[in-house]
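# Observations on the model geometry
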Amino acid sequence: MPRPLEPVSQGTRVTLGISFFVLFVLAWAFATLGGFVSRTFLADPITMLQDGWLLLTRFGFLGDIGITVWRVVGGFVLAAAIAVPLGILMGAYKSFEAFLEPFVSFARYLPASAFVPLLILWAGIGEMQKLLVIFIGSVFQIILMVAVAVGNTRRDLVEAAYTLGSSDQGVVKRVLIPANAPEIAEILRLVLGWAWTYVIVAELIGSSSGIGHMIIDSQALLATGQMIFGIIIIGIIGLISDFLFKAVNRKLFPWRLA
Amino acid sequence: MSNTILQIDNVSRVFPGVRGGAPVRALEPTNLQVEQNDFITILGPSGCGKSTLLRIVAGLDRPTDGRVLLNGREIKGPGADRGMVFQSYTLFPWLTIAENIAYGLREKGVPKAQRQEIVASYTEKVGLRGFENHYPKQLSGGMQQRTAIARALANDPEILLLDEPFGALDNQTRGLMQELLLGIWERERKTVLFVTHDIEEAIFLASRVIVMSARPGRIKADIPVDLPHPRHYRMKTTPEFSDLKAQLTEEIRVEAMQAEGVH
């Protein structure tokens, strides 16, 4: 029996991780190929792969993937560029926090997806509308989480900096920001994951391209294989971006692992 | 001979009550004069306000009443003229040992070449050559506190403030640290204010021991330590040392009993 909190080796970890994927696909194949679930509602894994291949080779699905990735990254970068500095300021200066925090906390609970109809009115169904959905969905989350992280900076480090002659600005620049940089990167990684759900919602309504658009198109044709393929692609891209983010963080912040 | 570098004038500190509770008087009005090149240890039971007093000198806390003068100028806030070493490990974890030591110099705008020279000299003095490019996490607690001392000294402060810097270290390491700090002081004669609750440490390091009473803290005794320099750890077993220790143990015991509510 494994003991609580006992670490496992890297090899065991990978094997276990992969084996659940295998189990999952096996269960799916069993349910569909075994005839327990109607084909109309759930395609089997083989059909899904065939449909996916067709999508990629015949229907230009790669273009859809590209445009979706572009929207996520665009909206997310926009949100991060505004939210990270604001979050740092809010975390550092309590008066600024008192000024913005109540509004941001309120805005955070506004569902990004509910803005889609409104944004279509304001920005049409072009790219701007898609970017704005992701922007609205991400920006308040990032602001709040960064502000909390910065606000929780170890006080003794700040005090040490002051006794070493740091000015107020110096403390922000040379203690608050570097101390929280890894945490901020981690917050961005997390929120990027959420941004993926917003983009699909934005593409489900009033869109003529993207993964979400393909999924809604396929629904009309009852092509569940294509729909599942699209969903799985999103998962895979998410996994890759997560992996890249982690790798970059390890490279940028070696002191965390030292 | 009036070489007073630091003057503590009627400094008191009352912390406001939490959640409507009664305010807490941490420090009674306190007067203390520190001469140039003195090594003063402030000894007292925990919670006696000795750290509060040190933090007021550092400028990290404000006195409720009274004032602190450093070279005749009133202290209004923290500054590079008072180096501080904390009990907790306060090295910046994202900077290497060399970068940590250079922190204050960089804030001051000292040119790089000169910075490196100073850093190298202090790395040497605290015995950390070869660890310049390590991160704090990779070092033991004793090494981290040595770096913290080097970081404070590299700034060339007027006075060095230490708040139980060796409190978290094991006994053996603490002994070595005391010798290292004393060795540096014997060579450089930097004015030092050192807070501790360890009687042996207070005597071994000091030229003057200030004993503080239980909360609310006030200075209870001011005892000069005339043991000769350079001091060696074996001094801790000499009769003179033992006498001082016995005397201070009595002083502190009464206070500790009071602090614990034992009579």
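Since the model is a prediction, treat every value here as computed from it, not as a measurement.

So, about unusual backbone geometry. Glycine aside, the phi torsion of most residues is negative, and most peptide linkages are trans. All names here are of chain B. Looking along the chain, the bond that leaves H229 and enters P230 is cis, with omega of -10°. If you trace the backbone, P230 turns up in the loop between β10 (219-224) and α7 (239-260). In this structure, N37 takes a positive phi of about 70° despite not being glycine. Here N37 lies in the loop between β2 (24-35) and β3 (39-43).

Next up on the list: the pairing of strand β1 (residues 4-15) of chain B. All names here are of chain B. Alignment of β1 against β2, held across eight bridges, turns out to be antiparallel. If you follow L6 over to β2, its bridge partner there is V34. Direction of pairing for β1 relative to strand β4 (residues 65-70): antiparallel, over a ladder of five bridges. Following the sheet pairing, S12 is matched in β4 by D65.

All names here are of chain A. For helix α2 (residues 45-58), with 14 residues, the first-to-last C-alpha span of 20 Å sits near the 20 Å given by 1.5 Å per residue. Regarding α2, the residues found buried are P45, M48, D51, G52 and L55. When α2 is viewed along its axis, its buried side chains cluster within an angular range of 120° and face the same direction. Away from its buried face, by an angle of more than 90 degrees, α2 presents the exposed residues L49, Q50, W53 and R58. Of the surrounding elements, those touching the buried residues of α2 are α1 (10-33), α3 (61-92), α9 (211-220) and α10 (224-252). For α2, the capping residue at the N-terminal end is D44, with a side-chain oxygen 3.1 Å from the backbone nitrogen of I46. Directly beyond the C-terminal end of α2, a positive phi value near 60° is found at G60.

Let us look at the interface of chain A and chain B. Each side of the interface is counted separately: chain A has 21 residues, and chain B has 25 residues. When the two sides are added together, the surface that chain A and chain B hide from each other amounts to roughly 2,100 Å², 61% of it contributed by carbon and sulfur. Of all residues in chain A, A:T163, A:L164 and A:R174 bury the most surface against chain B, accounting for 37% of the area lost on that side. Linking chain A with chain B are two salt bridges. Our enumeration of links across chain A and chain B arrives at eight residue pairs in polar contact (both at pLDDT 80 or more). Residue assignment for the side of chain A that touches chain B shows that the elements contributing at least two residues are α7 (155-163), α8 (168-204) and α11 (254-257) of chain A. Element by element, the count of residues in the side of chain A that touches chain B is highest for α7(A), at seven residues.

Moving on to the environment of A:F76. All names here are of chain A. Within the element layout of this structure, F76 appears in helix α3. Each C-alpha atom of the pair F76 and I88 lies 17 Å from the other, and the pair is 12 residues apart in sequence. Discounting chain neighbours no more than four positions away, the residues touching F76 are I134, S138, I142, L188, V191, L192 and A195.

This part is about the environment of A:A112. Residue and element names in this part refer to chain A. Of note, A112 is situated in the loop between α4 (94-108) and α5 (115-123). Between the alpha carbons of A112 and L56 there is a distance of 30 Å; along the sequence they are 56 residues apart. Discounting chain neighbours no more than four positions away, the residues touching A112 are V133, G137 and Y198.

The next subject is the packing of helix α2 (residues 97-108) of chain B against helix α4 (residues 141-154) of chain B. Residues and elements named next belong to chain B. Where α2 contacts α4, the two axes come as close as 7 Å, and the packing angle between them is 30°. Taken together, the axis directions place α2 and α4 in an arrangement best described as roughly parallel. Once α2 is placed against α4, the crossing between them reads as right-handed. Between α2 and α4, the contacting residues are I97, N100, I101 and L105 on the first element and T147, A150, R151 and A154 on the second. Here the residues of the contact of α2 with α4 are counted per class, giving five nonpolar, two polar and one charged.

So, on to the nonpolar core. Grouped together as the largest cluster of nonpolar side chains are 99 residues, with contacts concentrated most on A:I142, A:V175, A:I211, B:L6, B:F92 and B:L193. When residues of this core are assigned to their parent elements, the largest contribution, 18 residues, is made by α8(A). Apart from the residues within four sequence positions on either side, B:L193 is in contact with B:L6, B:V34, B:I40, B:I42, B:L54, B:V57, B:I159, B:L160, B:L161 and B:L162. Counting 50 residues, the second-largest nonpolar core is a separate cluster that includes B:L139, B:M143, B:L160 and B:F194.

The rules behind these values
- Residues numbered from 1 in each chain as written.
- Chains lettered and ligands numbered in written order.
- Predicted model: local features only at pLDDT ≥ 70, side-chain atom pairs only at ≥ 80, totals over all residues.
- Heavy atoms only, no water.
- Helix = DSSP H or I, 4+ residues; strand = E, 2+ residues; numbered from the N terminus.
- Pairing = 2+ DSSP bridges.
- Expected span 1.5 Å × (residues − 1).
- Buried < 20%, exposed > 50% of the residue type's maximum accessible area, 1.4 Å probe, protein only.
- Arc of directions from axis to C-beta.
- Contact = heavy atoms within 4.5 Å.
- Polar contact = N/O pair within 3.5 Å; in protein donor to acceptor, adjacent residues only side chain to side chain.
- Buried area = accessible area lost by both parts, 1.4 Å probe.
- Salt bridge = Lys/Arg side-chain N within 4 Å of Asp/Glu carboxyl O.
- Axes fitted to C-alpha atoms, helices over the stretch in contact; angles between N-to-C directions.
- Parallel < 35°, antiparallel > 145°, perpendicular 65-115°, else oblique.
- Left-handed = near helix turned anticlockwise from the far one by under 90°.
- Nonpolar A, V, L, I, M, F, W, Y, C, P; charged D, E, K, R; others polar.
- Core = buried A, V, L, I, M, F, W, Y, C linked by side-chain atoms within 4.5 Å.

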